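One letter stands for each residue in the lines below.
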Amino acid sequence: MPELPEVETTRRGIAPHIGGRTVTRVVVREPRLRWPVPRRLSAEMTGQDIDAVGRRGKYLLLATDAGTAILHLGMSGSLRMVAAATPAGKHDHVDIVLDNRKALRLCDPRRFGALLWTRRPPEQHRLLRDLGPEPLGSDFNGAYLHALSRGRKVAIKHFIMNSHNVVGIGNIYANEALYMAGIHPGRAAGRVSKRKYDLLVEVIREVLNDAIALGGTTLRDFVNSDGKPGYFRLELNVYGKGGHPCISCRTPIREIRQGQRASFYCPECQH
DNA sequence: CGAGCAACCTGCATGC
DNA sequence: TGCATGCAGGTTGCTC
């Protein structure tokens with residue numbers, strides 16, 4: 001599912017439709033997600049104006065004066081704007097109904113997503129409290145990653161996918177960024193040079209920004225708030241391309257497992 | 001600290 | 001056609 005570009009695509013898609021509107025009702029059809037949708041969500045949100053649609057890592061934040069809805073799309077979640085009267089499908093968990101007869105509809109077949117509510121500043125919530133910097137922000141840079149990784153034996157791919165170190169980089173973009181930077185995904189994080197970290201940060205920004213510009217990556221079921229897929233899949237160099245020739249040197253892309261996740265890399269270009 | 005795995009779920013592709 | 005298997009964009013939390 002969604003990594004940062006898909007979540008940001010979703011945020012940009014829904015913000016103009018829900019920002020400034022008033023919630024008239026919240027319909028929870030199926031509260032079972034990663035954690036149950038809180039019973040009090042409807043009472044807390046109804047009547048509130050949505051002041052802002054923010055994002056922290058892969059979490060979407062719907063801010064109101066009374067509190068903030070914290071929304072995560074998990075592996076298979078998507079948000080769409082629908083006419084409030086549109087019949088719900090099988091995996092449509094929640095509708096946040098607005099004062100213009102439209103609704104923000106959360107669909108999540110695999111139920112790895114979440115919809116929570118907090119009255120406190122969301123950055124204090126336990127899910128957000130310990131998150132690392134935003135990859136597109138200025139406090140994410142080569143010096144930061146280099147300093148953080150000294151002495152660490154963990155594989156660089158795990159290191160950049162760990163949200164304590166930096167948020168928003170999932171399996172697709174981790175593979176792509178390491179390919180672009182010429183770093184082997186299994187290399188120990190503590191054995192990557194400052195120069196390579198500078199380059200890695202640069203290509204992470206590039207790949208995320210390019211993916212956002214194309215509406216994210218649709219492998220199977222990601223759709224934006226209009227129900228349309230993202231087109232960054234066409235730009236992928238290594239992810240899902242085991243056996244295909246490297247676009248740079250023609251060596252077949254190798255597929256390995258790191259943990260339980262697939263990694264793809266060029267054995268000639270990445271060290 | 002780090003490696004590994006189990007958990008939370010459904011859907012789809014593949015192979016027999 | 002049916003059934004079993006394995007895999008998928010994420011994250012938490014446990015054990016060793």
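Residues numbered from 1 in each chain as written. Chains lettered and ligands numbered in written order. Predicted model: local features only at pLDDT ≥ 70, side-chain atom pairs only at ≥ 80, totals over all residues. Heavy atoms only, no water.

### A few points about the protein's contact with DNA strand B
For step 1, the next point in the chain: All residues adjacent to DNA strand B are Arg-34, Lys-90, His-91, Pro-109, Arg-110, Arg-111, Phe-112, Arg-152, Lys-153, Val-154, Arg-220 and Gln-260.
For step 2, the next point in the chain: Among atoms of DNA strand B positioned within 4 Å of the protein, sugar and phosphate together represent 50%.
For step 3, the next point in the chain: Arg-110 is positioned with one of its side-chain polar atoms (N or O) 3.0 Å from a base oxygen of DNA strand B.
For step 4, the next point in the chain: One nitrogen or oxygen atom from the side chain of Arg-111 is found 3.3 Å from a phosphate oxygen belonging to DNA strand B.
For step 5, the next point in the chain: Looking at the surface near DNA strand B, its residues break down into 3 nonpolar, 2 polar and 7 charged. (Near = heavy atom within 4 Å. Polar contact = N/O pair within 3.5 Å; in protein donor to acceptor, adjacent residues only side chain to side chain. Nonpolar A, V, L, I, M, F, W, Y, C, P; charged D, E, K, R; others polar.)

### Description of the domain arrangement of chain A
For step 1, the next point in the chain: Domain boundaries in chain A define domain 1 (4-129) and domain 2 (142-265).
For step 2, the next point in the chain: For domain 1 and domain 2, the distance between their C-alpha centroids amounts to 28 Å.
For step 3, the next point in the chain: In this assembly, 17 residues from domain 1 lie in contact with 18 residues from domain 2.
For step 4, the next point in the chain: For the pair domain 1 and domain 2, the summed buried area comes to about 1400 Å², and 64% of that belongs to carbon and sulfur atoms.
For step 5, the next point in the chain: Ranking the residues of domain 1 by area buried against domain 2 places Pro-5, Glu-6 and Thr-9 at the top, with a combined share of 36%.
For step 6, the next point in the chain: Between domain 1 and domain 2 we count 0 salt bridges in total.
For step 7, the next point in the chain: Counting the contacts that link domain 1 with domain 2 gives 5 residue pairs in polar contact (both at pLDDT 80 or more).
For step 8, the next point in the chain: Residue contributions to the side of domain 1 that touches domain 2 peak at 9 residues, all from helix α1 (residues 4-18). (Domains from an automatic or database assignment. Contact = heavy atoms within 4.5 Å. Buried area = accessible area lost by both parts, 1.4 Å probe. Salt bridge = Lys/Arg side-chain N within 4 Å of Asp/Glu carboxyl O. Helix = DSSP H or I, 4+ residues; strand = E, 2+ residues; numbered from the N terminus.)

### Description of the nonpolar core
For step 1, the next point in the chain: Ile-156, Ile-160, Tyr-197 and Leu-200 are the most contacted members of the largest nonpolar core, which totals 34 residues.
For step 2, the next point in the chain: Elements with a minimum of two residues in this core: α5 (156-161), α6 (171-181), α7 (194-213) and β10 (261-265).
For step 3, the next point in the chain: Ranked by residue count, the leading element in this core is α7, at 8 residues.
For step 4, the next point in the chain: Excluding its chain neighbours within four sequence positions, the residues that come into contact with Ile-160 are Val-166, Ile-169, Ala-174, Leu-178 and Leu-200.
For step 5, the next point in the chain: Listed in part, the 25 residues of the second largest apolar core include Ile-18, Val-37, Val-53 and Trp-117. (Core = buried A, V, L, I, M, F, W, Y, C linked by side-chain atoms within 4.5 Å. Buried < 20%, exposed > 50% of the residue type's maximum accessible area, 1.4 Å probe, protein only.)

### Overview of α6
For step 1, the next point in the chain: Where burial is concerned, most of α6 is hidden: 10 out of the 11 residues are buried.
For step 2, the next point in the chain: Residues of α6 that are buried: Asn-171, Ile-172, Tyr-173, Ala-174, Asn-175, Glu-176, Ala-177, Leu-178, Tyr-179 and Ala-181.
For step 3, the next point in the chain: Packing partners of the buried residues in α6 comprise α1, α5, α7 and β10.
For step 4, the next point in the chain: One or two residues past the end of α6 sits Gly-182, with phi positive at roughly 70 degrees.

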